[in-house]
Amino acid sequence: MRSSAVVSAALAVLLLVLVAVGWPPLLSLDRSVTEELHRSAVAEPGFTQLNRILSDWVWDPWTMRALIAVAVVVLWWRRERRLALWLTAAGLLTAAVQQGMKWAVGRERPDWPDPVDSAQYASFPSGHAMTATVSCGLLLWVLALHWRESWRGWSVIAVAALVSVLGVGWTRVYLGVHWPSDVVAGWLLGYCLVIVSIITFRAYGRGAGRAGPPGTGRRRMGETR
């Protein structure tokens, strides 16, 4: 698990450097993919509207943050307050890293004479992709800690999370508000933050679980079978 976090972080840093220095092959690939998808978006208004609904409502960062907030409230109510605070901290860290990198890189978004959607702030990395990856990853982890072995709907939730993470990346490029490399960077950074959050919680955060019989807190809070 640690090695995957290191690999994802290294790839994200490499992508950042290539974007920052304006590596021509990457910029050319970004441009060609985005232009092709934009032509399709202009020609297919119905499909474009569906993508806007998914991107701006279903998979919007605020929707993802709301899901995390619900999980935090449930965990707090169950007296698993350290885990609730850990999720809150992970969400805040995600927002800080995302906005900090946008400010540092300052990459311009695609610019079209006939845009089908709009977005604010800098382009790199994709906040939608990064927030969805962190939110879905952490929510799956919390569900796995509590109900994976007893809940038959686990596989459905896991597939829905994967579709959400991949789908939101698609919508951002299809709608012409991000370059493909923005989305890939968002996925990589989000994955890295999920793994780091899990590792650090297992190391430092599982000592205070919910109140219950001896041994219950440890099983629920930090260990998977």
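Anything mentioned here points back to the structure above.
Below or above, wherever it landed, is the structure these notes cover. (Residues numbered from 1 in each chain as written. Predicted model: local features only at pLDDT ≥ 70, side-chain atom pairs only at ≥ 80, totals over all residues. Heavy atoms only, no water.)

**Regarding the overall build of the protein chain**
When helices and strands are counted, the protein chain shows 9 helices and 0 strands. If you list the helices and strands of the protein chain from N to C, you get α-α-α-α-α-α-α-α-α. The burial tally for the protein chain puts 45% of its 225 residues in the buried class. Counting only contacts in the protein chain whose residues sit at least 6 apart along the sequence, the fraction spanning at least 24 positions is 76%. Element-wise, carbon and sulfur atoms account for 66% of the exposed surface of the protein chain, whose accessible area totals about 12,000 Å². (Helix = DSSP H or I, 4+ residues; strand = E, 2+ residues; numbered from the N terminus. Buried < 20%, exposed > 50% of the residue type's maximum accessible area, 1.4 Å probe, protein only. Contact = heavy atoms within 4.5 Å. Areas by Shrake-Rupley, 256 points an atom, 1.4 Å probe, with all protein chains shown as cover.)

**Points about the pattern of salt bridges**
Counted by the stated rule, this structure contains 8 salt bridges. Note that Asp30 and Arg107 form a salt bridge whose closest N and O atoms lie 2.8 Å from each other. With Asp30 in helix α2 (residues 24–43) and Arg107 in the loop between α5 (81–105) and α6 (127–147), this pair connects stretches of sequence that are 77 residues apart. Of the charged contacts in the structure, one is a salt bridge between Glu80 and Arg78, with a shortest N-O distance of 3.0 Å. When salt bridges that share partners are traced, they join Arg52, Asp56, Asp117 and Arg172 into one network. (Salt bridge = Lys/Arg side-chain N within 4 Å of Asp/Glu carboxyl O.)

**Topic: the environment of Tyr191**
Within the element layout of this structure, Tyr191 appears in helix α8 (residues 180–205). Separated by 60 residues in sequence, Tyr191 and Thr131 place their C-alpha atoms 9.9 Å apart. If sequence neighbours within four positions are ignored, Tyr191 has contacts with Ser4, Ser8 and Thr133.

**Here we look at α6**
Count 3.6 residues to each turn of an α-helix, and residues three or four apart come out pointing the same way. Here α6 spans 29 Å end to end across 21 residues, near enough to the 30 Å set by a 1.5 Å rise per residue. Burial runs high along α6: 17 of the 21 residues are buried. (Expected span 1.5 Å × (residues − 1).)

**Focus: the side chain of Asp182**
Tracing the chain through its elements places Asp182 in helix α8. A polar atom in the side chain of Asp182 sits 2.9 Å from the backbone nitrogen of Trp179. Aside from chain neighbours lying at most four places away, what touches Asp182 is Arg107, Ser123, Phe124, Pro125 and Ser126. (Polar contact = N/O pair within 3.5 Å; in protein donor to acceptor, adjacent residues only side chain to side chain.)

**Thoughts on the packing of aromatic side chains**
Per the counting criterion, the structure on display carries 4 aromatic pairs. Ring centres of Trp86 and Phe201 lie 5.4 Å apart, and the angle between their planes is 75 degrees; this geometry places the pair in the edge-to-face category. Here the residue Trp86 occupies a position in helix α5, and Phe201 occupies one in helix α8, the gap between them amounting to 115 residues. Owing to a relative accessible area of 24%, Trp86 belongs among the partly exposed residues under this scheme. For Phe201, a relative accessible area of 0% puts it in the buried group. For the pair Trp141 and Phe201, a centre-to-centre distance of 5.5 Å together with 80 degrees between the ring planes defines the contact as edge-to-face. Note that Trp141 is positioned in helix α6 and Phe201 in helix α8, a separation of 60 residues in sequence. With relative accessibility at 7%, the residue Trp141 sits in the buried group. Of the aromatic side chains, those joined through ring pairs into one cluster are Phe47, Trp170 and Tyr174. If you follow Arg31 out to its NZ or CZ, it ends over the ring of Trp112, 6.0 Å from the centre. (Phe/Tyr/Trp six-rings, centres within 6.5 Å; stacked < 30°, edge-to-face > 60°. Lys NZ or Arg CZ within 6 Å of the ring centre and 35° of its normal.)

Purely spatial values, then, with no claim about function.
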